[in-house]
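# Tertiary structure, described
The residues making up each chain are set out below.
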Amino acid sequence: QTRAVSGQVIDANTNLPLPGVTVLVKGTTIGTATGADGTYVVNVPEGSNTLIYRFIGYKNVERPINGANAVDVRLVVDAEQLSEVVVTALGIEREKKALGYAIQEVAGERVNQARETNVVNALSGKVAGVQIVNSSGAVGSSARITLRGNNSLTGDNQPLFVVDGIPINNSTNTNAGYGGVDYGNAAADINPNDIASISVLKGANAAALYGSRAANGVILITTKSGRNAQGLGVTLDHSTTWESPLILPDYQDEYGQGYNGLFEYVDGAGGGVMDGVDESWGPRLDGAPREQFFGVGPWSANPNNVRDFFQTGRTNNTNVAITGGTEKANARLSLGYIDQEGIVPNTDLTRYSASLNANMALSSKLSAAASFNYIQNKSDNRPSNGYSGDNIMQQFVWFGRQVDINRLRDYRNEDGTLFNWNYNYHNNPYFVLYDNLNGNQRDRLFGNVSLKYNFTDWLNLMVRGGGDMFAENRKRVWATGTIDYPQGRFYESERFVSETNFDFLFAAERDLSEEISIGATFGGNTRRNNFRMNDVLVRALAVPGIYNVSNAQGNPSPSNFRSERVVNSLYGTATIGFRDYLFLDLTARNDWASTLPIANNSFFYPSVSTSLVFTDAFGIESDVLSYGKLRASWAQVGNDTDPYRTVGTFFSNDPWDGIPNLSYTSTLANANLQPEQTTSIEVGTDLRFFLDRAYVDFTYYKKKTVDQIVPISTSGASGFNSQIVNVGEIGNEGIELQVGGTPIQTADGFNWEVIVNFAKNRNEVVELTEGLDAYQLGTYWGLSLEARPGETFGVLYGTGYLRDDDGNIVVDAVGRPRKDPVRRVLGDILPDWTGGIRNTFSYKGFNLSALLDMRKGGDIFSVTHMFGLYAGVLEETLQGREDGIVVPGVKDMEGTVNDINVPSQRYFQSLYGTHEAHIFDGSFVKLREVTLGYEIPQALVSKAKLRGASISFIGRNLLLLHSNIPHIDPETAFGADIASQGFEFGALPSTRSYGVNLRLTF
Amino acid sequence: CDKDFEEINVNPNAPADVPAVVILPAAQQSAVSRLFGASLNLTYAETWAQHIAKIQYIDEDRYEFRPDAIAIHWDSLYSGPLYDTQLIIQKAEESGNQAMEGTGRTFRALIYQNMTDLWGDIPYFEALQGAEGNMTPVYDEQEAIYMDLLQELETANTLLAAGTGTIEGDLMYGGDIMQWRRFANSLRLRLLIHMADVAPAIAKEGIEMITGDPDMYPIFESNDDNAELAFLGAQPYRNPWFENAVTRDDHAVSQTLVQLLGAKNDPRLTVYAKPAAEPVAGAGVKFGGKTYVGQPNGALVQPSLPTVSRIGDLYRGTETQPMYVMTYSEVMFILAEAAARGWDVGITAAEAYNEGIIASMSLNRITDDAAILAYLAQPSVAYELQANKMEAISEQKWLALFGNGIEAFTEVRRTGYPDEVVEPEASAYPGRGVALRFPYSIQEQSTNRANVTAASTGITDFLFGERLWWDVD
């Protein structure tokens, strides 16, 4: 038997009716939606006494019926940033108002809205103070994330990733500026479909309880559970997106392959006149018939030869999640499948993931939770990158502009020999992609099991064990006939990476009186990291095509490596709350690290933070300022180092005719290392206005890291190229601002919400160490990325133009700019500020959201520009082709005006190594995401026996609206580590993606 | 809370200490591979000495050096074989193995000699002291380095002569102590002759002392004594020039070399060079019915590849071809020069000159005695007929040094011969002439700035300005 219950739902702020609100009978699948006037009628079965009201953008409300026939409800806006309870360090849920430090939450829907498969990229523009750099447009390429600048001279400076309380590996390859393969950042294995929310703990203050690795902040991911499941629920998501290159270099299309205007093809290997040359300083593309690599054909432009090489990439992303539960137990099972084809032919990535999240009350006092994730990440071929013949982008820089790429698709002649436009330097790009494969497979398991025992209603104990482990196979093969490896070659490695964590945590919470509440925790953790790798390099194959050690010609070079690291910790916290508006938090932690010398392996670090809700404290009740909080905190975090840095060792070279030969390491070890220490202060405020219609979240922070353990570059003349030392002081100071609100909210359901994120960070190298002028973070083509005392972290240091006292460029005897023999700072890689603006419009089930992402500053050394000018392929090189160039400048230090005309080719080629000519400002504005969603009305959905259905159109990286750097995407780097930042060469173009997503809930 | 930590942090992958016997082969193969390999030697020193010229990526030949490459050579020589050799010497001292210590000191002197002849002033007395805390060694005057190297070689010869201990792990002489003595003393002759103009008294005294007492100071007596590293012919230890040729075809023989060999009708032309496949009519020189075309150094324009002569197969196409660290023929040319200067070396200049040429012919597989004798009798070769004896000796030495770019580049700068070695056509520094030195590592501007800045006084445009100590204009 059922009875009808009716009522009206209105907005608590505006008192206007809310249409489209879902009204559900708790514990059943019975429900309805409110009409245009906010009213509803629902048939409630016998035995049910609770109604649930849900509406996007508002907080859920549960109401008992208690025999009433009419239930009216007021819903309160729930901008998720304002949600009252947030997940903090160690997974402890805290009232946000009690926190003395900044924490920013991003809801799972926001993360997954544009169906980005790499969770790091999905955070772009959504959190203030986060900088994300995606290295390239290759499938599964890595993305780098930093919070509040760089603290460390080495390492990746990236935050710790924690999923459901367990730290997750986010390792990346070391940089590959001179060639390599990007295997992605390991956190990209996390399935965005499983994410319930992400808490970004930006600084040491929020993260001190995570210990050492939290100095760069923490990305705390909570996965979806079956906790609020009502019976069985099934959600099916599927999206398909298509990818295409966002930006390609601007090439010249007037001159073809050759040198000094000459080109006569004979064999493509230097047999003719300049026919082995891979530059485009040849004859004008006049369309006249000419002998070429394919025979006689018109010598004409192929303006789209590079664009035509790329294909439309495709990503299918399918996920099924099943939730179910009773009051005592619930579970969520999720199965995901991602299948990607890259924009580069024959590159792909597939990812299978399965996760299970279960909670169970074992007794009234004991509960258990478990979460397991299995991921298989597999690619048959990933594109190579960096300055290497394996990188197909390299030969579009060293290229004959007249080459018709379509003629290269069949890369073998009938007799099996290779066919190409050049036989001197380059492999046919299709041969590279179809025969020289870089596959990998990573099988990964992470998860944890925890038990929680409530001794009383105020004291509990949690014990938890968990881990993250993966086995990975990587194999790179070079087919026989590859220009660099005519006898073929392969490299294969097997890696095993694991981290296990065991924790216990006592937690107590009590109200001492009406006015004072206290809480305390005491816990311990033991963490163990293991890494093992076995690899082998085979330099030549006996029989082509068999990539097995048994098929090696000559001696293969095998090697193996293992390392282990243990960190044990004890920690505690205390919280005191006064009248629910003043809070004081204290934390303390001591770590013992195996990697430090025994005498220095224990280190202690405390933190203190406080929060005052002054609107409550001073009884401010205003329609303008509805809520106000001030917060302040001080924290320290200690840090250890990598294993085996305290004692130097010998390394083995390949045996000489069976004779072992070992060399001493070129890195000087240090038996007296001290732990690193980061100290951070932070103050901020949360303000809400106009009955929470608008809000401001502002943070100022200042932190310094001292005694960093780094391998500093040293003069080889010391006998060592680097030295492990405690060094220096790095400072970061900055602000983070988030402003948001709902400027328009109308009675008929139109809603406009806007969120602005802005962050400015100053990252300064305060001091290094006595006698050390610079610390080199990375170096390519003579330009180094350095930390120099008094300068911004990460300056580009290299060769500029020689200039006279008035700043004029000085030219040499033939009219080319001279190089300044004294190196100097030419730029810095850090942005002046970053920001994002998201606008969301919703109306009756429609939802339109657009995210602009922007960066001001941050210099990049474009090696594409340097070699693109050298090789005469870029548009700029049309200058002076016929008449030469007179460089604006002077002939000598006395300032005699230059009048020497230099041929275009000599001029552009002389810019090689003059780094100043190739450094650009990396500012950009990007239209990062656009989504248009439609929630199909409940009335229709119910007929199809569904609980919900929605469809959305999504686009990512749609437009590069502003950029100061020619030819390339300003968001690029050689890899995800610090040494790779600020350098660009031949990165696969970043991708623009667009597609459709369908979600069905049963 | 730190149970077992000491054990956990012991590196299981690599030993903290090893015996000298396994370090010596590493020092030898890494030093020889670098000093005589395809980059430092073939692409830089041999090219700047104008034995070789580049035909693709002509940059280095135009003095557009790659700063990264130079930095790697600088750092790697110090932190690699030099540091390893220092460890060998320390271990030999500790164990009282005088033979091994003498070997280590000789080998270290060899590396320093090559480095100072490229760069001039370099860190020496304070070098390799990183483990003692000196990370920024000062650059020492080349003269002081030379004086100390002479002393080191005296000590080495004495230690080797003492007869205690054995040399193990020796890839060059298989542990033959007498051979190491010959090498130490021959190397000393090389240092001394470099000083012939700048410090003639010391050079004369030293050379006369060595040649005057062969029992005390044995030197190379035939090609059997040559200091060399014979490559295995299997990867990764194939001859570096061969290895480079597997994938690259950037180097030809220089026009300077071909013209000089051709003018003398020198049979080594056929060993150093291959005939041009499709020579342009009238280009190059004819020998044995074939045409050899050298490539002008630092050309503005790349040649059509078939029109120029590549490096001969012995040097470029032989996996097992040894790298000659120092040869008997060089010793003979040293003695010829000394004798020509009027110093008493127990042999006449003409004898030593002829013996040097014959030894070089032999090393280059030219076995026809009659042809060699005919060559020696040619007016362009016969010692007695040469108006400028120094020029004749220097030219022949330069021809014999093919393969050893550093020494050839040194001799070109020191003697000014062959005077056909002139500024590359499209020099990056037009009008500055032939490079006077190697550029210092740009890395030093970051890691050892004060000292490299002090040492750079007088150097302009990286390669010019201040001359090396022995380069008396």
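Residues numbered from 1 in each chain as written. Chains lettered and ligands numbered in written order. Predicted model: local features only at pLDDT ≥ 70, side-chain atom pairs only at ≥ 80, totals over all residues. Heavy atoms only, no water.

This brings us to the interface of chain A and chain B. The parts lose accessible area when they come together, and the size of an interface is often stated as this lost area. On the chain B side, the residues contacting the 90 residues of chain A number 77 residues. On the chain A side of the contact with chain B, Tyr644, Phe650 and Trp656 of chain A bury the most area, a combined 12% of that side's loss. Here chain A is connected to chain B by one salt bridge. In this structure, the salt-bridge partner of Asp461 of chain B is Arg818 of chain A, at a minimum N-O distance of 3.1 Å. Listing elements by their share of the side of chain A that touches chain B, those giving two or more residues are strand 30 (557–578), strand 31 (582–593), strand 34 (650–656), strand 35 (659–664), strand 41 (775–780) and helix 7 (904–910) of chain A. The biggest single contributor to the side of chain A that touches chain B is strand 30 of chain A, with seven residues. Residues belonging to the side of chain A that touches chain B are distributed by class as follows: 39 nonpolar, 33 polar and 18 charged. (Contact = heavy atoms within 4.5 Å. Buried area = accessible area lost by both parts, 1.4 Å probe. Salt bridge = Lys/Arg side-chain N within 4 Å of Asp/Glu carboxyl O. Helix = DSSP H or I, 4+ residues; strand = E, 2+ residues; numbered from the N terminus. Nonpolar A, V, L, I, M, F, W, Y, C, P; charged D, E, K, R; others polar.)

Residue and element names in this part refer to chain B. The interhelical angle for the contact between helix 2 (residues 20–35) and helix 4 (residues 67–95), taken along N-to-C directions, is 150°, at an axis separation of 9 Å. Looking at the two axes, helix 2 sits roughly antiparallel to helix 4. Every pair of crossing elements has a handedness; the one defined by helix 2 and helix 4 is left-handed. Contacts between helix 2 and helix 4 pair Ala20, Ile23, Leu24, Ala27, Ser30, Ala31, Arg34 and Leu35 from the former with Ile72, His73, Ser76, Leu77, Pro81, Asp84, Thr85, Leu87, Ile88 and Lys91 from the latter. Residue composition of the contact of helix 2 with helix 4, grouped by class: 11 nonpolar, four polar and three charged. (Axes fitted to C-alpha atoms, helices over the stretch in contact; angles between N-to-C directions. Parallel < 35°, antiparallel > 145°, perpendicular 65-115°, else oblique. Left-handed = near helix turned anticlockwise from the far one by under 90°.)

Residue and element names in this part refer to chain B. Summed over the entire model, instances satisfying the criterion amount to 81 aromatic pairs over all chains. Relative to Trp48, the ring of Tyr44 has its centre 5.7 Å away and its plane inclined at 80°; by these criteria the two rings are edge-to-face. Of the two residues, Tyr44 and Trp48 both sit in helix 3 (residues 38–48), four residues apart, roughly one turn of that helix. With relative accessibility at 1%, the residue Tyr44 sits in the buried group. (Phe/Tyr/Trp six-rings, centres within 6.5 Å; stacked < 30°, edge-to-face > 60°. Buried < 20%, exposed > 50% of the residue type's maximum accessible area, 1.4 Å probe, protein only.)

The strands making up a sheet associate through backbone hydrogen bonding, with each pair oriented either parallel or antiparallel. Residue and element names in this part refer to chain A. With mixed pairing, the five strands of this open sheet are ordered in space as 10-16-17-13-14. Edge strands, defined here as strands with exactly one partner in the open sheet, are strand 10 (103–107) and strand 14 (166–168). On average, each strand axis in the sheet is tilted by 25° relative to the strand beside it, whichever way the strands run. By the bridge criterion, five bridges tie strand 10 to strand 16 (residues 195–201) in an arrangement that is antiparallel. Each residue of the ladder has a partner; that of Val106, found in strand 16, is Ile198. (Pairing = 2+ DSSP bridges.)

Tallying each qualifying case throughout the model produces 74 salt bridges over all chains. The closest approach of N and O atoms between Arg816 of chain A and Asp812 of chain A, which form a salt bridge, is 3.1 Å. Accessibility assignment for this pair places Arg816 of chain A and Asp812 of chain A in one class, buried. With a closest N to O distance of 2.7 Å, Asp249 of chain B and Arg310 of chain B form a salt bridge. Here Asp249 of chain B is found in the loop between helix 9 (240–247) and strand 5 (251–253), whereas its partner Arg310 of chain B is found in the loop between strand 7 (290–292) and helix 12 (313–316), with 61 residues between them in sequence. Looking at Arg310 of chain B, the relative accessible area reads 16%, which means it is buried. Because the salt bridges share partners, they merge into one network encompassing Asp189, Arg442, Arg444, Asp468, Glu472 and Arg474 of chain A.

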